[in-house]
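Each chain, letter by letter, is given below.
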Amino acid sequence: MPQLFAYTDGACSGNPGPGGWGALLIARDGTEVVKERELSGGEKLTTNNRMELMAAISALEALSRDTSVIVVTDSAYVKNGVTQWIHGWKRNGWRTSGRDPVKNVDLWQRLDAAQTRHKVEWRWIKGHAGHAENERADALARAGMAPYKP
């Protein structure tokens, strides 16, 4: 049975500024690529963190049925947030340990809902380090941002 991977990335020109997100979905049977799908989008005024979150959300929401997926991100913010911090935020009514409102709570809640439909394994990789799929996700994010750049 093929294994599904979602490579995700976000980009922003200025922070805040025009931004884009990209996701590359790849189904592999061993080393053979069975199917690929590219996703991208953007916003006129956003932040890098919001675009990183949107990439992961969009990848998970694009899956038509409950499935097992490995989400690969170069964002420690997304990976640590969804695997560690989110549990405390939810217990604290979406507040940080310092009792401040969680930034980007709308997207964290959306990501939390999107991942509950699937069996998700989260992996972090170093960005801009020559990882082919991460570079493709980065290119998709930059393409998603392009219509919004002056």
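Worth saying up front: this structure is predicted, and the values here are computed from it rather than measured. (Residues numbered from 1 in each chain as written. Predicted model: local features only at pLDDT ≥ 70, side-chain atom pairs only at ≥ 80, totals over all residues. Heavy atoms only, no water.)

Enquirer: Help me out: how do you make sense of the packing of helix α2 (residues 76–91) against helix α3 (residues 105–116) in this one?
Expert: Helices that pack against each other are described as a pair by the angle of their axes relative to one another and the distance between those axes. Contact geometry of α2 with α3 gives a least axis separation of 11 Å together with a crossing angle of 95 degrees. With respect to α3, the axis of α2 lies roughly perpendicular. Residues Y77, V78, G81, V82, I86, W89 and K90 of α2 form the contact with α3, whose own contacting residues are W108, L111, D112 and Q115. Taken together, the residues of the contact of α2 with α3 break down into seven nonpolar, two polar and two charged. (Axes fitted to C-alpha atoms, helices over the stretch in contact; angles between N-to-C directions. Helix = DSSP H or I, 4+ residues; strand = E, 2+ residues; numbered from the N terminus. Parallel < 35°, antiparallel > 145°, perpendicular 65-115°, else oblique. Contact = heavy atoms within 4.5 Å. Nonpolar A, V, L, I, M, F, W, Y, C, P; charged D, E, K, R; others polar.)

Enquirer: Honestly, the packing of aromatic side chains in this entry has me stumped. Any pointers?
Expert: How two aromatic rings sit relative to each other is given by the distance of their centres and the angle of their planes. For the structure shown, the criterion picks out four aromatic pairs. Between F5 and Y7, the ring centres sit 6.0 Å apart and the planes meet at 15 degrees, which makes this aromatic pair stacked. In terms of burial, F5 and Y7 fall into one category: buried. With centroids separated by 6.1 Å and ring planes inclined at 50 degrees, the aromatic side chains of W85 and W89 adopt a geometry described as tilted. Here the residue W85 and the residue W89 both occupy positions in helix α2, the gap between them amounting to four residues, near one helical turn. Put simply, the rings of Y77, W85, W89 and W108 touch in pairs and so form one group of aromatic residues. Positioned above the aromatic ring of F5, the side-chain terminus of R28 is 5.1 Å from the ring centre. (Phe/Tyr/Trp six-rings, centres within 6.5 Å; stacked < 30°, edge-to-face > 60°. Buried < 20%, exposed > 50% of the residue type's maximum accessible area, 1.4 Å probe, protein only. Lys NZ or Arg CZ within 6 Å of the ring centre and 35° of its normal.)

All quantities given are derived from atomic positions and should not be read as evidence of function.
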